[in-house]
Amino acid sequence: MYTAHPDRYAEMPYRRTGRSGLKLPALSLGLWHNFGPDRPVETQRAILRRAFDLGVTHFDLANNYGPPPGSAESALGEALKADFAPYRDELVISTKAGYLMWPGPYGEWGSRKSLLSSLGQSLSRMGLEYVDVFYSHRPDPKTPLEETMSALHTAVQQGKALYVGVSNYSPEQTREAARILAELGTPLLIHQPRYSMLDRRPETGGLLDALDELEVGSIAYSPLEQGLLTGRYLNGIPEDSRAASDSPFLNSDAVTEELVGKLRGLNEIAGSRGQSLAQLALAWVLRQGRVTSALVGASSPRQLEDSVAAIGNLDFDAAELARIDKIVQG
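Worth saying up front: this structure is predicted, and the values here are computed from it rather than measured.

Re the sheet that holds strand 4 (residues 58-60)
Strand-to-strand pairing in sheets goes through backbone hydrogen bonds, with the strands running parallel or antiparallel. With respect to topology, eight strands assemble into a closed barrel ordered 3-4-5-6-7-8-9-10, the strand pairing being parallel. For this sheet, the mean inter-axis angle between neighbouring strands, taken without regard to orientation, is 30°. Pairing of strand 8 (residues 188-192) with strand 9 (residues 217-220), which is carried by two bridges, proceeds in the parallel orientation. Counterpart to H191 in the pairing with strand 9 is S218. Against the sheet, helix 4 (residues 145-157) contacts strand 6 (131-136) and strand 7 (161-167), and its axis sits at roughly 155° relative to strand 7.

Below is the structure:
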């Protein structure tokens, strides 16, 4: 029987999410591509246990995470039952709906039918009565935003979610979503954008400014840019890497000589700070406190430990930030 480490809250910083009362760990665990039937169950459970022992109290999912779709939620459900039943109230568990999950017209996007059906399935897979955060995973161009936000509000009213969020919404869509939800009486808690040293659209496109204005939290996904910012590509493309497999999320064409040169420059800065490249990338996303939490994946407890060690140095001086900008922007 798993017993959580007694000092699990000693080191991890927790940040208030927007103007809400909810605090998230600076690093959260994403159960995207490492939790499914093709991964050993004991490895999955070991990652979750180690995360919680390190103060990572937030597990982030979506209905279609796996592969196959749904398997990550099922895997978490088994782990919750086996290891975390006594600790449910110490955990923040989030899930999403919006990308393709099942065949037919209701298996994706943002209709009331799709979102609430998906949430019911997610709760069943995880063996939960509620999730802490339920997200609209992407905006639906053909469904009124009022309907999508009303579905999120209903999830809260039904006691199936404590908070709601959006992901992949533009600044304008986020403002409108927040307005609608405020009128309904369910505040927008959080936005989940893609954000990293190599992908700065939340900064340049005004999303972070909008979230500051709205007092809405943020949790960055892909802060390691699909593994590019982990140091694996400093000498090209390893045979067992994601890029070598021509994944739809990262292919070999993306790993250019120019990019490798940038990664090496960033790695030098990381070394001068006593960090790995991955730790530098996570610290950069978390700098200044504008981002509530950064999502990390892990294929082993050791990889997770390396990521969590980033919290040891989240401060940057102006010269370091200028060097990073110069390298990334060329």
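Thoughts on the packing of helix 3 (residues 112-126) against helix 4
Interhelical geometry of helix 3 versus helix 4 gives an angle of 30° and a closest axis separation of 8 Å. Viewed along their axes, helix 3 and helix 4 adopt a mutual orientation that is roughly parallel. At the point where helix 3 passes helix 4, the crossing takes the right-handed sense. Mapping the contact onto sequence places R112, L115, L116 and L119 in helix 3 and E147, T148, S150, A151, T154 and A155 in helix 4.

Examining the environment of N34
Tracing the backbone through its elements, the reader meets N34 in the loop between strand 3 (27-30) and helix 1 (41-53). Given a relative accessible area of 17%, N34 falls into the buried group. Between the alpha carbons of N34 and Y65 there is a distance of 9.1 Å; along the sequence they are 31 residues apart. When neighbours within four sequence positions are excluded, N34 is seen to be in contact with R39, Q44, G66, G297, A298 and S299. Polar contacts involving the side chain of N34 include one to the side chain of R39, which spans 3.4 Å. A polar atom in the side chain of N34 sits 3.0 Å from the backbone oxygen of A298.

Observations concerning the packing of aromatic side chains
Aromatic ring pairs: the centre-centre distance and the angle between the two ring planes describe each pair. Per the stated rule, a full pass over the model turns up seven aromatic pairs. A centroid spacing of 6.0 Å and a plane angle of 55° characterise the contact between Y9 and Y14, whose relative ring orientation is tilted. Assessed through its relative accessible area of 25%, Y14 is described here as partly exposed. When the ring of F52 is compared with that of F84, the centres are 5.7 Å apart and the planes differ by 80°; the resulting orientation is edge-to-face. Separated by 32 residues along the polypeptide, F52 in helix 1 and F84 in helix 2 (residues 71-84) bring together distant segments of the chain.

Definitions and cut-offs
- Residues numbered from 1 in each chain as written.
- Predicted model: local features only at pLDDT ≥ 70, side-chain atom pairs only at ≥ 80, totals over all residues.
- Heavy atoms only, no water.
- Pairing = 2+ DSSP bridges.
- Helix = DSSP H or I, 4+ residues; strand = E, 2+ residues; numbered from the N terminus.
- Axes fitted to C-alpha atoms, helices over the stretch in contact; angles between N-to-C directions.
- Contact = heavy atoms within 4.5 Å.
- Parallel < 35°, antiparallel > 145°, perpendicular 65-115°, else oblique.
- Left-handed = near helix turned anticlockwise from the far one by under 90°.
- Buried < 20%, exposed > 50% of the residue type's maximum accessible area, 1.4 Å probe, protein only.
- Polar contact = N/O pair within 3.5 Å; in protein donor to acceptor, adjacent residues only side chain to side chain.
- Phe/Tyr/Trp six-rings, centres within 6.5 Å; stacked < 30°, edge-to-face > 60°.

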